[in-house]
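Structural characterization, general
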Amino acid sequence: MTGRYADQPHLDVPQDDGTTRRMSTPRISVAPRADVVYPARAGDRLDLLAAAALNDSTRWWVIADANPAADALTLEEPGTMLAVPDA
């Protein structure tokens, strides 16, 4: 399985000690179209929502990316309205 950063371009960043460190370029998140708006309930977790909506709990970040204006620390709080993409 490859990670979501596998195809990202890389930069060689000079370090203070004269070496370079290979790093991924910054990732720009584009929120996917959300077909469902879901009100978070007590006990909800992004990984469980991803398992139910996307059939893959490791894709929790897709839901997080679809809600860029939300504070990441409050995404799972009851009452938070979450956009859930259909992909």
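Treat the numbers as computed from the prediction; the structure is a model and nothing was measured. (Residues numbered from 1 in each chain as written. Predicted model: local features only at pLDDT ≥ 70, side-chain atom pairs only at ≥ 80, totals over all residues. Heavy atoms only, no water.)

Considering the confidence of the model for the protein chain
For the protein chain, per-residue confidence averages 83 on the pLDDT scale, and 84% of positions sit at 70 or higher. Mean pLDDT values over the elements of the protein chain span from 83, in strand E3 (residues 34-39), up to 92, in helix H1 (residues 46-54). (pLDDT = per-residue confidence, 0-100. Helix = DSSP H or I, 4+ residues; strand = E, 2+ residues; numbered from the N terminus.)

Things to note about the nonpolar core
In terms of nonpolar packing, the biggest core is built from 12 residues, these being Tyr38, Ala40, Leu46, Leu49, Ala50, Leu54, Val62, Ile63, Ala64, Leu75, Leu82 and Val84. Looking at this core, the elements with two or more residues in it are H1, helix H2 (60-65) and strand E4 (81-85). At 4 residues, the largest contribution of residues to this core is made by H1. (Core = buried A, V, L, I, M, F, W, Y, C linked by side-chain atoms within 4.5 Å. Buried < 20%, exposed > 50% of the residue type's maximum accessible area, 1.4 Å probe, protein only.)

A look at the pattern of salt bridges
Applying the stated rule across the entire model yields 2 salt bridges. With a closest N to O distance of 3.2 Å, aspartate 12 and arginine 22 form a salt bridge. Here aspartate 12 is found in strand E1 (residues 10-14), whereas its partner arginine 22 is found in strand E2 (residues 20-24), with 10 residues between them in sequence. Relative accessible area serves as the criterion here: at 56%, arginine 22 is assigned to the exposed category. (Salt bridge = Lys/Arg side-chain N within 4 Å of Asp/Glu carboxyl O.)

Quick look at the side chain of asparagine 67
The topology assignment puts asparagine 67 in the loop between H2 and E4. Its relative accessible area of 9% is what places asparagine 67 among the buried residues. Separated by 2.7 Å, the side chain of asparagine 67 and the backbone oxygen of isoleucine 63 make a polar contact. Separated by 2.8 Å, the side chain of asparagine 67 and the backbone nitrogen of alanine 83 make a polar contact. (Polar contact = N/O pair within 3.5 Å; in protein donor to acceptor, adjacent residues only side chain to side chain.)

Regarding H1
Along H1, the residues classified as buried are Leu46, Leu49, Ala50 and Leu54. Within H1, the buried residues cover an arc of 100° as seen down the axis, which keeps them to one side. Downstream of H1 by a residue or two, asparagine 55 has a phi angle that is positive, lying close to 60°. (Arc of directions from axis to C-beta.)

Digging into the environment of leucine 75
Mapped onto the fold, leucine 75 is located in the loop between H2 and E4. What makes leucine 75 buried here is its relative accessible area of 4%. On a C-alpha basis, the gap between leucine 75 and alanine 40 in space is 7.8 Å, while along the polypeptide they are 35 residues apart.

Things to note about the environment of methionine 23
Looking at where methionine 23 falls in the secondary structure, it is placed in strand E2. Residues methionine 23 and valine 13, spaced 10 residues apart in sequence, show a C-alpha to C-alpha distance of 7.0 Å. What methionine 23 contacts, discounting residues up to four positions off in sequence, is Pro9, His10, Leu11 and Val13. (Contact = heavy atoms within 4.5 Å.)

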